[in-house]
Amino acid sequence: MAYQGLDTGKSFVLLAELDEATALTRVGLRTLRELRFVSEESAAVLTLLSIGSEKMLKATLGLAALDERNPWPSKGQMRDWGHNLRSLNEAACDRYQAQVRRSTAPGFISQLLDQCHGDETLHLLLDMLTDWGLRARFHRLDDLAGAPQPGPSPQTMWEELESRVLDTEPTLIARLAEVDGYDPARRRVNAIISESFRLWWQLHTRAWMTGIIGKDAKGLATILNRVLDEPALDPPS
């Protein structure tokens, strides 16, 4: 078994990388399901989702390169891409848009692209995951070292994300202040964030699955789909 442009050994490495990306992301979503106190628990969610997403996006661009008969991106290229999920995602989505006619469901992919483009919660979440990977995970350590970071803290960014969520369902504000209402309201906030992430993951999964970046990605999309097999945190209201 070998994928285009890879020998058998490297093909198994690719499978292991996708398994890991998917496992990290699934555990990240489960951790988000259980999140109750942002200041204590959000770091686990951000770490798991940011690393899982970065691995998936770099695999996307690698498979796209192989589909174009180019070599897998070099270590230097991967290093240059760094942890910037925003730019990685833009590069992947630009490729989907340019090649959408290759998809077996071009209308559906275009719809997902539009939905992700218009999802403000998703934009804030991807910004937060990007900043976490680039700098914010060391926010407190830098502060302790006497070199505080100029940007907002991870907790501030999470609060901005939740403010956006509360704008969409303002009744949650009062429920979060109630003893009996806090846990169900907390679960609902987590669910809204999760659904935006799942929408974004669905875009990439379906783009792979419908052939936009070649037949090998089409076959490997079943691995990405394990994330979507995770039960939703809460039915949409």
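Residues numbered from 1 in each chain as written. Predicted model: local features only at pLDDT ≥ 70, side-chain atom pairs only at ≥ 80, totals over all residues. Heavy atoms only, no water.

Student: What is the right way to look at the overall build of the protein in this model?
Tutor: Counting its secondary structure elements, the protein contains eleven helices and zero strands. Taken over the C-alpha trace, the protein has a radius of gyration of 19 Å; the compact-globule value for 237 residues is 18 Å, and the two agree within 12%. Oriented by its inertia axes, the alpha-carbon framework of the protein measures out at about 55 × 45 × 25 Å. Scored against the burial criterion, the 237 residues of the protein give a buried share of 49%. Taking the contacts inside the protein whose residues are at least 6 apart along the sequence as the reference set, 70% of them involve residues at least 24 apart. Carbon and sulfur atoms form 54% of the exposed surface of the protein, whose accessible area is close to 11600 Å². Taking the 27 positively charged and 33 negatively charged side chains of the protein as two groups, their mean positions are separated by 7 Å. (Helix = DSSP H or I, 4+ residues; strand = E, 2+ residues; numbered from the N terminus. Rg over C-alpha atoms; globule rule 2.2 N^0.38 Å. Buried < 20%, exposed > 50% of the residue type's maximum accessible area, 1.4 Å probe, protein only. Contact = heavy atoms within 4.5 Å. Areas by Shrake-Rupley, 256 points an atom, 1.4 Å probe, with all protein chains shown as cover. Lys, Arg positive; Asp, Glu negative; His and termini not counted. Charge placed at Lys NZ, Arg CZ, Asp CG, Glu CD.)

Student: When you look at helix α6 (residues 120-134) in this model, what are you seeing that I'm missing?
Tutor: Along an α-helix, residues three or four apart share an orientation, since each turn contains 3.6 residues. The first and last C-alpha atoms of α6 sit 21 Å apart over 15 residues, in line with the 21 Å expected at 1.5 Å per residue. Looking at α6, one finds that the buried residues are Thr121, Leu122, Leu125, Leu126, Met128, Leu129, Thr130, Asp131, Trp132 and Gly133. On the buried face of α6, the contacting elements are α2 (38-67), α4 (85-98), α5 (106-117), α8 (154-168) and α10 (182-209). The residue sitting at the N-terminus of α6 and contributing the capping side-chain oxygen is aspartate 119; that oxygen lies 3.1 Å from the backbone nitrogen of threonine 121. (Expected span 1.5 Å × (residues − 1). Polar contact = N/O pair within 3.5 Å; in protein donor to acceptor, adjacent residues only side chain to side chain.)

Student: Explanation requested: the packing of α2 against α10 in the structure shown.
Tutor: To characterise two packed helices, one gives the angle between the axes of the helices and the distance between these axes. Packing of α2 against α10 brings their axes to within 11 Å, and their N-to-C directions diverge by 10°. With respect to each other, α2 and α10 are oriented roughly parallel. Residues Val38, Leu49, Gly52, Ser53, Met56, Leu57, Ala59, Thr60 and Leu63 of α2 form the contact with α10, whose own contacting residues are Arg186, Phe197, Trp200, Trp201, His204 and Trp208. In the contact of α2 with α10, the residues fall into ten nonpolar, four polar and one charged. (Axes fitted to C-alpha atoms, helices over the stretch in contact; angles between N-to-C directions. Parallel < 35°, antiparallel > 145°, perpendicular 65-115°, else oblique. Nonpolar A, V, L, I, M, F, W, Y, C, P; charged D, E, K, R; others polar.)

Student: Hey, could you run me through the environment of threonine 171 in this one?
Tutor: Along the polypeptide, threonine 171 turns up in helix α9 (residues 171-176). Between the C-alpha atoms of threonine 171 and tryptophan 200, which are 29 residues apart in sequence, the distance is 26 Å.

Student: Help me understand the confidence of the model for the protein in this model?
Tutor: In low-pLDDT segments, the atomic positions of the prediction should not be examined closely. For the protein, the average pLDDT comes to 92, and 97% of its residues sit at 70 or higher. α5 holds the highest mean pLDDT among the elements of the protein, 97, whereas α9 holds the lowest, 87. (pLDDT = per-residue confidence, 0-100.)

Student: Sorry if this is basic, but what is going on with the packing of aromatic side chains here?
Tutor: Note on aromatic pairs: each is described by the distance of the centres and the angle between the planes. Throughout the structure, instances matching the rule amount to four aromatic pairs. Ring geometry for phenylalanine 37 and tyrosine 182: centres 6.4 Å apart, planes at 20°, overall stacked. Placement of phenylalanine 37 in the loop between α1 (8-34) and α2 and of tyrosine 182 in helix α10 is noted, with a sequence separation of 145 residues between them. Relative accessible area serves as the criterion here: at 36%, phenylalanine 37 is assigned to the partly exposed category. An aromatic cluster is built from Phe197, Trp200 and Trp201, whose rings are joined through pairwise contacts. (Phe/Tyr/Trp six-rings, centres within 6.5 Å; stacked < 30°, edge-to-face > 60°.)

Student: What exactly am I supposed to notice about the pattern of salt bridges here?
Tutor: Close approach of charged atoms allows side chains with opposite charge to pair. The final tally for this structure, using the stated rule, is 14 salt bridges. Ionic pairing is found between lysine 55 and glutamate 17, a salt bridge with its closest N-O pair at 3.0 Å. Taken together, the residues lysine 55 in helix α2 and glutamate 17 in helix α1 connect sequence positions 38 residues apart. Residue classification places glutamate 17 among the partly exposed positions, given a relative accessible area of 28%. As a salt-bridge pair, arginine 102 and aspartate 67 come within 2.6 Å of each other at their nearest N and O atoms. Taken as a pair, arginine 102 in the loop between α4 and α5 and aspartate 67 in helix α2 lie far apart in primary sequence, 35 residues in all. Several salt bridges converge on common partners, so that one network encompasses Glu17, Glu20 and Lys55. (Salt bridge = Lys/Arg side-chain N within 4 Å of Asp/Glu carboxyl O.)

Student: Any chance you could explain the packing of α2 against α8 here in plain terms?
Tutor: One way to put it is that α2 packs onto α8 with a least axis distance of 10 Å and a crossing angle of 90°. Comparing their axes, α8 and α2 come out roughly perpendicular. Judged by residue contacts, Val38, Ser39, Ser42, Val45 and Leu46 of α2 engage Gln155, Trp158 and Glu162 from α8. Residue classes in the contact of α2 with α8 are distributed as four nonpolar, three polar and one charged.

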